[in-house]
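# An overview of the molecular structure
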Amino acid sequence: MKCWINGSFQDEDQPQIHITDRGFGLADGIFDTLLCVNGKPQFLDLHYDRLCRHSGVLDIPFVADMPRDRFLSTIHDVIAENGLLEGRFSIRTTITRGVAARGLAPPENPDITVVIKASAVPDKSAFPPLRLMMARTVKRNKHSPLSNIKSMKYGDNILAHIEAKQAGYDDALMRNTDDDGSCITNG
């Protein structure tokens, strides 16, 4: 498949992202995944709105670089470029703050990186019931602004998934740090 990176299509097995991209080095970015069925993206406007909200939490200027009409047309371009006219596909948009000098301080005028990639999704009937457990070693900090967005910081989710697999389960739910009964799915 072809992925769209900052305005051009590239083969997904040879994408070009700079080694100093803050998404790669600091997980400084967000993502969203939408479903595409028979060439039609589902709830495209809602996905764009979520990307705008989540990029706003991290102060990444996504809206300035990719207004709604450009995003919507780019999603349709990805569908057309990959011939996704039949079947179910996920389309993942990843946004990072882009290339920057080393350190935590974000650049004043970031040149963000936007990657849009499609992948095949199994038919709904192919999803068997999951065996879930409550993660014991990982909890989600409900007071962090990152707990409510799809940021690239997925280390906790990965650790909870590994814990579940090692215990013979398919995946894990995570409690929050207050142990007030709230749970967050791991995915």
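Before reading further, recall that the structure is shown in the block above.
Below, the structure is looked at part by part. Everything quoted here is computed from the prediction, not taken from an experiment.

## Overview of the pairing of strand S1 (residues 2-5)
Strand direction decides the pairing type here: S1 and strand S2 (residues 8-11), joined by four bridges, are antiparallel. When the bridges of S2 are listed, Lys 2 appears paired with Asp 11. In sequence, S1 turns back onto S2 through a hairpin of two residues, with Asn 6 there showing a positive phi of about 50 degrees. Sheet topology places S1 next to strand S6 (residues 113-120); two bridges connect them, and they run antiparallel. Residue pairing in the sheet places Trp 4 in a bridge with Ile 116 of S6.

## Observations concerning the sheet that holds strand S4 (residues 40-41)
If you walk across this open sheet you meet the six strands as S2-S1-S6-S5-S3-S4, and the pairing is antiparallel. Looking at which strands have only one partner, the edges of the open sheet turn out to be S2 and S4. The pairing of strand S3 (residues 29-37) with S4 spans two bridges and is classified as antiparallel. Along S4, the bridge assignment pairs Cys 36 with Pro 41. Lying over the sheet, helix H2 (residues 44-57) contacts S3, S4 and strand S5 (88-96), oriented at roughly 175 degrees with respect to S3. Packing against the sheet, helix H4 (residues 68-81) makes contact with S1, S2, S3, S4, S5 and S6, and its axis sits at approximately 40 degrees to S6.

## Quick look at H4
With 14 residues, H4 extends 20 Å from end C-alpha to end C-alpha; this agrees with the ideal 20 Å at 1.5 Å per step. Turning to H4, its buried residues number three or more, namely Phe 71, Thr 74, Ile 75, Val 78 and Ile 79. Each buried residue of H4 sits inside an arc of 140 degrees when the element is viewed along its axis, so together they form one side. Seen from the buried face of H4, the exposed residues on the opposite side, beyond 90 degrees, are Asp 69 and Ala 80. Following H4 by one or two positions, Gly 83 adopts a phi angle in the positive range, close to 60 degrees.

## Considerations on the packing of H2 against H4
When two helices pack together, their arrangement is given by the angle between the helix axes and by the axis-to-axis distance. H4 packs onto H2 with a crossing angle of 125 degrees between their chain directions and a minimal axis gap of 11 Å. With respect to H4, the axis of H2 lies oblique. The two elements H2 and H4 meet at a crossing, and its hand is right-handed. Across from Leu 44, Asp 45, Tyr 48, Asp 49 and Leu 51 in H2, the residues of H4 making contact are Arg 68, Phe 71, Leu 72, Ile 75 and His 76.

Thresholds, definitions, all that
Residues numbered from 1 in each chain as written. Predicted model: local features only at pLDDT ≥ 70, side-chain atom pairs only at ≥ 80, totals over all residues. Heavy atoms only, no water. Pairing = 2+ DSSP bridges. Helix = DSSP H or I, 4+ residues; strand = E, 2+ residues; numbered from the N terminus. Contact = heavy atoms within 4.5 Å. Axes fitted to C-alpha atoms, helices over the stretch in contact; angles between N-to-C directions. Expected span 1.5 Å × (residues − 1). Buried < 20%, exposed > 50% of the residue type's maximum accessible area, 1.4 Å probe, protein only. Arc of directions from axis to C-beta. Parallel < 35°, antiparallel > 145°, perpendicular 65-115°, else oblique. Left-handed = near helix turned anticlockwise from the far one by under 90°.

Spatial relationships are all this shows, so hold off on functional conclusions.
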